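Close look at the chain arrangement
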Amino acid sequence: MAPRVAVVALLGCSSLLRPSRAKELKYPEGVRPGDTISGTAGEYFRYAHVLVKPPDDEDRMESLRMAEEVKCRACEVLLLELLKRTESNSEDHIMDQLDGEMREEPELMDSPQENRVRKNRRGCNKHFKDELLLKGWYVGLCPKEEAPADTEGVKRPTWCLNQRPSPPTQRDVDTYSVPHEAAFYACEDTVGRYGQEMASLLAERLEDGGNRTV
């Protein structure tokens with residue numbers, strides 16, 4: 001089995017959740033598009049700006065539902081990109097990339113919130129931006145021609161990991177949105193959760209002559 005397929009088999013991504021109903025988005029009092037946001041929830045370590053409104057529990061649940069449908073594909077993309085930078089096929093070198101630790105201190109800005117985001121850009125806080133969003137990948141509605149057909153007991157997915165020809169700007173990926181957070185959750189629930197097992201399996205498969213790009 002090719003490394004990519006073998007690793008994805010670890011994740012158990014067989015069940016697809018029903019899409020949530022769309023809801024009206026309103027700006028909370030005192031919040032404007034593009035405002036800098038600050039708080040103690042996890043999102044505030046990943047984003048410096050808000051486009052529509054700060055996240056709430058409904059947004060988080062929607063991001064989780066979206067992530068459940070795209071996490072297998074996101075994992076494939078993440079691993080293929082991260083493996084390009086490993087020093088060797090050893091488990092330790094693969095794990096170094098999956099860990100995503102900063103190699104140098106980030107340049108500090110005038111905004112305390114931007115500094116907090118920069119200082120926490122490691123692991124999936126880093127990967128979902130560098131390997132997915134900034135390379136044009138995004139969580140969006142499945143194109144009709146690409147959505148798998150319904151099978152017994154499994155509903156057709158609503159959300160897919162799509163790629164646009166032009167990547168977004170750094171400010172775009174530093175701005176909170178439900179689809180952006182879905183990409184983060186897709187990383188966290190695969191590479192973030194099973195990184196050690198993936199590194200071990202990949203090292204074993206690659207040592208046996210497996211192909212990184214298949």
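Structural data are supplied above this passage.
Below is a summary of the structure that appears in this document. (Residues numbered from 1 in each chain as written. Predicted model: local features only at pLDDT ≥ 70, side-chain atom pairs only at ≥ 80, totals over all residues. Heavy atoms only, no water.)

For the rest of this paragraph, the subject is the overall build of the protein chain. Secondary structure summary: the protein chain contains seven helices and four strands in total. For the protein chain, the proportion of its 214 residues judged to be buried stands at 44%. Pairs at least 24 residues apart make up 73% of the contacts formed inside the protein chain by residues separated by at least 6 positions. Only carbon and sulfur atoms are counted for the fraction: they give 49% of the accessible area of the protein chain, which is about 12000 Å². (Helix = DSSP H or I, 4+ residues; strand = E, 2+ residues; numbered from the N terminus. Buried < 20%, exposed > 50% of the residue type's maximum accessible area, 1.4 Å probe, protein only. Contact = heavy atoms within 4.5 Å. Areas by Shrake-Rupley, 256 points an atom, 1.4 Å probe, with all protein chains shown as cover.)

Moving on, we come to the pairing of strand S3 (residues 159-163). It is a general feature of regular strands that their side chains alternate between the two faces of the sheet. Among the five residues that make up S3, four are buried, leaving the element largely enclosed by the rest of the structure. Relative to S3, strand S2 (residues 137-141) is paired through five bridges, and the arrangement is antiparallel. Residue Tyr-138 lies in a different strand from S3, and its bridge partner there is Asn-162. (Pairing = 2+ DSSP bridges.)

Glancing now at the pattern of salt bridges. Taken as a whole, this structure holds 15 salt bridges when the rule is applied. The shortest N-O distance in the salt bridge between Arg-60 and Glu-43 comes to 2.6 Å. In this pair, Arg-60 is assigned in helix H2 (residues 57-83) and Glu-43 in the loop between helix H1 (3-9) and strand S1 (49-50), connecting sequence segments 17 residues apart. Summarising the burial analysis for this pair, Arg-60 and Glu-43 share the class buried. A salt bridge links Glu-68 to Lys-71; the nearest nitrogen and oxygen atoms lie 3.4 Å apart. One end of the pair is Glu-68 and the other is Lys-71, both in helix H2 and three residues apart, which spans about a single turn. (Salt bridge = Lys/Arg side-chain N within 4 Å of Asp/Glu carboxyl O.)

The next point concerns the environment of Ala-67. Of note, Ala-67 is situated in helix H2. A C-alpha to C-alpha distance of 8.3 Å links Ala-67 and Trp-159, two positions 92 residues apart in sequence. With residues up to four places along the chain from it excluded, the contact list for Ala-67 reads Ala-182, Tyr-185 and Ala-186.

So, about the state of the cysteines. Applying the stated rule across the entire model yields two disulfides. Each sulfur in the disulfide pair Cys-142 and Cys-160 lies 2.0 Å from the other. Note on the Cys-142 and Cys-160 pair: the S-S dihedral is about 95 degrees, so by sign convention the disulfide is right-handed. Remark: Cys-160 occurs in strand S3 and Cys-142 occurs in the loop between S2 and S3; sequence separation between them is 18 residues. Comparing Cys-142 with Cys-160 shows no difference in burial state: the two are buried. Considering cysteine sulfurs only, Cys-72 is the nearest to Cys-75, which forms no disulfide, with 7.3 Å between them. (Disulfide = S-S within 2.5 Å.)

Attention now moves to the packing of aromatic side chains. Per the stated rule, a full pass over the model turns up four aromatic pairs. Centroid distance Tyr-47 to Tyr-176: 5.4 Å. Interplanar angle 85 degrees. Geometry classified as edge-to-face. Of this pair, Tyr-47 sits in the loop between H1 and S1 while Tyr-176 sits in strand S4 (residues 175-176), and the two are 129 residues apart along the sequence. Here Tyr-47 falls in the buried class, since its relative accessible area comes to 0%. By relative accessible area, Tyr-176 is classed as buried at 5%. (Phe/Tyr/Trp six-rings, centres within 6.5 Å; stacked < 30°, edge-to-face > 60°.)

None of the figures reported here should be taken as evidence of function without further support.
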